[in-house]
Amino acid sequence: MGQLWLCLLTLTALFDLTAPKGAAGTQHQVPRRVLQGCGRGSGRDVQLPQAGAVGPHGWGGGDREIPPHPAWPFPLGAAEKVTAQIQAHPPAPTLYHQLMLSCKVTGDASPQEFLWEKEGSHDPLQKGPDNILLFPSFNKTHLGTYVCTATSSLGTAVATYNLWIDDLLDNVFVFPQETKDSHVLVRAKPEQPLQNFTVCLWSYTDLTRPYSLFSYATKAQDNEILLHKPKPGEYRFYVGGKFVSFSIPKSIAASEHVCASWESTTGIVGFWFNGKPWPRKGLQKGYTVGAEAAIVLGQEQDAFGGGFDAQQSFVGEMSVVYMWDTGISTSGVMEAMNNRPDKAPIFGWRNFPYQIVGEVYLKP
């Protein structure tokens, strides 16, 4: 009985405080969650009439509509909505480079404490207000499942993250035959639009017809980034649907390493063939490459994630694929050729996030 009287008194006070004072037509809303627990039994809610309804004697003894209430100044019930998620930066971590795991909390703007643990480890890794777990030089001893527990006045949220790598060192993708659908889908993309980037890879083929090696498409532009070889002795490098050409020595059935870089501020394109820099050219000054992309190896996209043509498909071997959100130097190209990148990439061969579609094989 005492609880019921307390609820009635609380409701009366709420409506006295929130009733319109001479503001005709003002619409407010009473938060229904404030009544949780009123009445008999745990978790029961007292059911209020809808705004605008009038009881047999009105509300509070007067014949007037129930005054709706303004947005409540505190997040009632918000603890039920607090969630946590662990994100890796970069999304595809590279061995022996910096890795950062961040514990992102939604539903609470000010979590008070983050507890970082690793499954199988007895002691906590880190405890305090910092939501970042930093690995200055990520290596295989760090592999495992990580747990972040975020605690605040609204409750606790827990997130887990499986930290594993797919090191393709000493392996290649084999594209055995011409096809209109077989390709490798790269399961990573930039975290934000690109003002600079570099792409490097090895390829080995005896094709003399046109073929695509690396295709990066957005919904707005299918040739957002494209590394294409129209014939022996020429590479074409596309940014935003436009391209520049680079002439190289004609060769068939020879392994080739190429790197291409681009910067928005000047539009300058760098090109390296088998580690040697070619004269730089210009393309798409001031352009921005979109981040929401489909990235495909071995086919050219004429539509976002598809629109393939068998006559442009790659047949042969491809490996050591890297992409950075920065430019590159000639020494950096040489390091990439040997699978020892001097900068952490968006994705790279030492931890390559991929999905094979159709007839493509990963072989030593």
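A few points about the pattern of salt bridges
A complete count under the given rule lists seven salt bridges for this structure. Lys229 serves as the salt-bridge partner of Glu256, at 3.0 Å between the closest nitrogen and oxygen. Within this pair, whereas Glu256 is found in strand S15 (residues 256-263), its partner Lys229 is found in strand S12 (residues 225-231), the two being separated by 27 residues in sequence. Judged by relative accessible area, which is 4%, Glu256 ranks as buried. Look at Lys229 and you get buried, because its relative accessible area is 4%. A salt bridge links Lys231 to Glu234; the shortest N-O distance between them is 3.9 Å. The network of salt bridges with common partners includes Lys231, Glu234 and Arg236.

Concerning the confidence of the model for the protein
Looking at the protein, the pLDDT average stands at 83 and 78% of residues meet or exceed 70. A low-confidence stretch, residues 1-79 (pLDDT under 50), is modelled with 72 contacts involving residues beyond four sequence positions or located in other chains.

Quick word on the sheet that holds strand S2 (residues 99-106)
With antiparallel pairing, three strands are arranged side by side in an open sheet as S1-S2-S5. Each having just a single partner strand, strand S1 (83-89) and strand S5 (132-135) make up the two edges of the open sheet. Along the sheet, successive strands turn relative to each other by an average axial angle of 15°, direction set aside.

Some points on the packing of aromatic side chains
If you walk through the whole model with that rule in mind, you get 18 aromatic pairs. Aromatic pair Phe173 and Phe352: ring centres 6.1 Å apart, planes at 55°, arrangement tilted. With Phe173 in strand S8 (residues 172-175) and Phe352 in the loop between helix H2 (330-337) and strand S21 (354-357), this residue pair connects regions lying 179 residues apart in the sequence. Judged on exposure class, the residue Phe173 and its partner Phe352 are both buried. With a centroid separation of 5.0 Å and 40° between ring planes, the pair formed by Tyr238 and Phe243 is classed as tilted. Among the aromatic residues, those joined into a ring-pair cluster are Phe173, Phe347, Trp349, Phe352 and Tyr354. Directly above the ring of Phe304 sits Lys219, whose terminal nitrogen or CZ lies 5.7 Å from the centroid. The positively charged end of Lys281 is found above the aromatic ring belonging to Phe246, 4.9 Å away from the centroid.

Regarding the sheet that holds strand S7 (residues 155-163)
Ordered by their spatial adjacency, four strands build an open sheet running S4-S3-S6-S7, and the pairing between neighbours is antiparallel. One side of each edge strand has no neighbouring strand; the edge strands of this open sheet are strand S4 (126-128) and S7. Along the sheet, successive strands turn relative to each other by an average axial angle of 15°, direction set aside. Two strands pair when backbone bridges link them, and strand S6 (residues 144-152) and S7 are joined in this way by nine bridges, in the antiparallel orientation. Its bridge partner being in S7, Thr145 is matched across the sheet by Asn162.

Describing the environment of Glu119
Following the sequence through the fold, Glu119 ends up in the loop between strand S3 (113-118) and S4. Distance from Glu119 to Thr145, taken between C-alpha atoms, is 5.6 Å for residues 26 residues apart in sequence.

What to know about unusual backbone geometry
Cis peptide bonds are those with omega within 30 degrees of zero, and the linkage from His89 to Pro90 qualifies with 0°. Secondary-structure assignment places Pro90 in the loop between S1 and S2. Even without being glycine, Ala253 reaches a positive phi, approximately 60°. Inspection of the secondary structure puts Ala253 in the loop between strand S14 (242-247) and S15.

Quick notes on the side chain of Gln299
Inspection of the secondary structure assignment puts Gln299 in the loop between strand S19 (294-297) and strand S20 (316-324). Polar side-chain contacts of Gln299 include one of 3.1 Å to the backbone oxygen of Ser182. Setting aside residues up to four positions removed in sequence, Gln299 forms contacts with Thr179, Lys180, Asp181, Ser182, His183, Ser212, Ser215, Phe308, Asp309 and Ser313.

A few points about the nonpolar core
Formed by 56 residues in total, the largest nonpolar core has its most connected members in Phe197, Phe214, Phe237, Leu297, Met323 and Phe347. The element contributing the most residues to this core is S20, with six residues. For Phe197, the contacting residues outside a window of four places in its chain are Ile225, Phe237, Val239, Ala260, Ser261, Trp262, Val289, Met323, Trp324, Asp325 and Thr326. Phe135, Ala157, Tyr161 and Leu163 belong to the second-largest nonpolar core, a separate cluster that totals 21 residues.

Examining the pairing of strand S16 (residues 268-273)
Here S16 lies mainly inside the structure; five of its six residues are buried. When S15 meets S16, the two strands line up antiparallel, connected through five bridges. In the strand pairing of S16, Cys259 is matched with Trp272. Between S15 and the antiparallel strand that follows it, S16, lie four residues; Gly267 among them carries a positive phi value of about 75°. Where S16 meets strand S18 (residues 281-282), two bridges bridge the pair, whose relative direction is antiparallel. Note on S18: the bridge partner recorded for Ile268 is Gly282. Hairpin connection, S16 to strand S17 (residues 276-277): the antiparallel pair is bridged by two residues, and Asn274 has positive phi, about 50°.

Thresholds, definitions, all that
Residues numbered from 1 in each chain as written. Predicted model: local features only at pLDDT ≥ 70, side-chain atom pairs only at ≥ 80, totals over all residues. Heavy atoms only, no water. Salt bridge = Lys/Arg side-chain N within 4 Å of Asp/Glu carboxyl O. Helix = DSSP H or I, 4+ residues; strand = E, 2+ residues; numbered from the N terminus. Buried < 20%, exposed > 50% of the residue type's maximum accessible area, 1.4 Å probe, protein only. pLDDT = per-residue confidence, 0-100. Contact = heavy atoms within 4.5 Å. Pairing = 2+ DSSP bridges. Axes fitted to C-alpha atoms, helices over the stretch in contact; angles between N-to-C directions. Phe/Tyr/Trp six-rings, centres within 6.5 Å; stacked < 30°, edge-to-face > 60°. Lys NZ or Arg CZ within 6 Å of the ring centre and 35° of its normal. Polar contact = N/O pair within 3.5 Å; in protein donor to acceptor, adjacent residues only side chain to side chain. Core = buried A, V, L, I, M, F, W, Y, C linked by side-chain atoms within 4.5 Å.

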